[in-house]
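# An overview of the molecular structure
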Amino acid sequence: MDHFVGRGGWFPKGGGQVLAAGFAEVIQKHDGQIRSRVEVSRIALEGGRVAGVVLSTGETIAAPVVISNIDIKKTYRDLIGKENLPRATRLQVATWRMAPPVINAFFGIDHDVSNAPNSNHFVIPNWDRARNLHALATMKSDLLVGRRRSVHDWVSDYAANIPAYVQTSTRRDPSHGASAPQGSAAFEAQTMAPSNPRLWGLDPEEIADGRYRRNPRYQEIKEKVTDAMLARIEVAYPGASAKVEWAELATPMTQSRYTDSTAGNAMGLEPRIGQYGFGRPRSATVVPGLFVAGTSTAWGPGTQGAMVSGVKAAGAVLQRDLVRDIRAGRVMVDRSRLAPWNAGFDPLEATRMVGRDRSRSR
Ligand SMILES: Cc1cc2nc3c(=O)[nH]c(=O)nc-3n(C[C@H](O)[C@H](O)[C@H](O)COP(=O)(O)OP(=O)(O)OC[C@H]3O[C@@H](n4cnc5c(N)ncnc54)[C@H](O)[C@@H]3O)c2cc1C
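Residues numbered from 1 in each chain as written. Predicted model: local features only at pLDDT ≥ 70, side-chain atom pairs only at ≥ 80, totals over all residues.

### Things to note about the site of the ligand
Of all residues adjacent to the ligand, which total 23 residues, the nearest are A266, G294, T295, G302 and A306. Of all the elements in the fold, those that place two or more residues in the shell around the ligand are β5 (102-109), α10 (252-259) and α11 (303-318). Of the residues belonging to the shell around the ligand, the class tally is ten nonpolar, eleven polar and two charged. If you count residues domain by domain, the shell around the ligand takes at least three from each of domain 1 (2-97 + 268-361) and domain 2 (102-262). (Near = placed C-beta within 6 Å. Helix = DSSP H or I, 4+ residues; strand = E, 2+ residues; numbered from the N terminus. Nonpolar A, V, L, I, M, F, W, Y, C, P; charged D, E, K, R; others polar. Domains from an automatic or database assignment.)

Have a look at this one:
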């Protein structure tokens, strides 16, 4: 954080997708297999220890070790099963609170940013709502919980007052040709949002069966939130909001649909006293052979924490301090197996192919 705020954040050349494309390539070029378009339905246990995974296709993959980075509550509750957990773990899982969801509005805008400062912007429409800790707590309750509020009151207040983080990846990485056509730019406005389906005009059943996307009330609320996010972009980039070519909002429901996270959270366990530092799960678990990684672990929340947690989980399995090895400069991949990425390399297409290759071979 100190580095990010004080000296500026780093951005992967080619966009965040290069991380997934790079990891996928390393796994596949070292004889690993990636299975996509299939779910793990449960973790198989034998004599109380991990014996493999059972897929939604009915296939079982035997393994003495499983590392799970799916939603931590679901790992324990759905994949292991409450009945297989010691009482203390069951209680802990039941009381864990998840972080509020993060939402992103994406815009393709016919607006030239090549001369704009290469900056992140935090747009705070109403400083009075953030004047002290009490006001901040009230704002959190009003905008991110909204327990006793009508949908109309909540969405009007949210649209007018929610702060947002605004950035353009086209400006961050002008060499990334797929980001936007010359002279235009891709913009993002990011903020937190309530997970409560009622505030999004939905019933939990509609979310479970996927009907929610066609609900006109939900569409209307989405439109209001999208307009609010565009207004935040206008503050940072005056004139941009009149030239929108394309807009899309990802809501907490979108996050659940794609990652199956509890209540649309993207940051795992809420960072609160008792769920932070020593209160956050480490790699090994009470179930022999089960390890956890991901944003809910001690190294989270967020992308970087999730990545470090993967190294930590691999280290816990191998009983080696891989972070120390990496810091000492040890290279663990066989570089000769990795082809250089040429200028036209498209990380999105490369990661999509991981799934397509597999579905063709089945
Ligand atoms: C809009 C948005 C903006 C964000 N911005 C930032 C940011 O600026 N900085 C930052 O650090 N972080 C950010 N994050 C958070 C970051 O993306 C997450 O914390 C991180 O990706 C979590 O990684 P993970 O490995 O724990 O989980 P995930 O990335 O959710 O990976 C879990 C995977 O498991 C799959 N899965 C789920 N259930 C099953 C199953 N039963 N079988 C098989 N597979 C399953 C899911 O589909 C998913 O692909 C943002 C998130 C969102 C949504």
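### Some words on α11
Here α11 is 16 residues long and its end C-alpha atoms lie 23 Å apart, about the 22 Å a rise of 1.5 Å per residue gives. Along α11, the positions that sit buried rather than exposed are G305, S309, K312, A313 and A316. Down the axis of α11, the smallest arc covering the buried residues is 105 degrees, so these residues share one side. In α11, those exposed residues whose orientation departs by more than 90 degrees from the buried face are Q304 and L318. In this structure, the buried residues of α11 make contact with β4 (66-68), β10 (290-292) and α12 (322-327). (Expected span 1.5 Å × (residues − 1). Buried ≥ 20, exposed ≤ 12 C-beta atoms within 10 Å, placed from the backbone. Arc of directions from axis to C-beta. Contact = placed C-beta atoms within 7 Å.)

### Quick look at the environment of E206
Inspection of the secondary structure puts E206 in helix α8 (residues 204-209). With 52 residues separating them along the chain, E206 and W154 place their C-alpha atoms 21 Å apart. Beyond its immediate stretch of four places on either side in the chain, E206 contacts R211, Y212 and N215.

### Looking at the environment of I162
Inspection of the secondary structure puts I162 in the loop between α6 (151-161) and β7 (164-168). Of the residues examined, I162 has 25 C-beta atoms within 10 Å and is grouped as buried. C-alpha separation for the pair I162 and E205, spaced 43 residues apart in sequence, amounts to 28 Å. Not counting residues within four places of it along the chain, the set of residues in contact with I162 comprises L143, T191 and A228.

### Here we look at the sheet that holds strand β1 (residues 40-46)
Across the sheet, three strands lie side by side as β1-β2-β3; this open sheet has antiparallel pairing. Across the chains shown, the open sheet's two edge strands, defined by having one partner strand only, are β1 and β3 (60-62). For this sheet the average axis-to-axis angle between neighbouring strands, irrespective of direction, equals 30 degrees. (Pairing = 2+ DSSP bridges. Axes fitted to C-alpha atoms, helices over the stretch in contact; angles between N-to-C directions.)

### Describing unusual backbone geometry
Cis peptide bonds are those with omega within 30 degrees of zero, and the linkage from G300 to P301 qualifies with 0 degrees. In this fold, P301 is placed in the loop between β10 and α11. Positive phi values are uncommon outside glycine, yet D260 reaches one of about 60 degrees. In this fold, D260 is placed in the loop between α10 and β10.

### So, the sheet that holds β5
Picture the strands of a sheet paired through backbone hydrogen bonds; they go either parallel or antiparallel. What the five strands build is an open sheet, ordered β6-β7-β8-β5-β9; its pairing is antiparallel. Of all strands in the sheet, those with a lone pairing partner are β6 (121-123) and β9 (244-250), marking the two edges. Taken over all neighbouring pairs, the strand axes of this sheet differ in orientation by 20 degrees on average, direction set aside. Pairing of β7 with strand β8 (residues 185-192), which is carried by four bridges, proceeds in the antiparallel orientation. Bridge pairing in β8 places T168 opposite F187.

### Brief notes about the pairing of strand β2 (residues 49-55)
Looking at chain direction, β1 and β2 are connected through six bridges and run antiparallel. Its bridge partner being in β2, A44 is matched across the sheet by G52. In this sheet, β3 lies alongside β2 in antiparallel orientation, the contact comprising three bridges. Its bridge partner being in β3, V54 is matched across the sheet by T60. In textbook terms, the turn of a hairpin is the stretch between consecutive antiparallel strands, and for β2 and β3 this stretch comprises four residues, one of which, G58, has a positive phi near 100 degrees.

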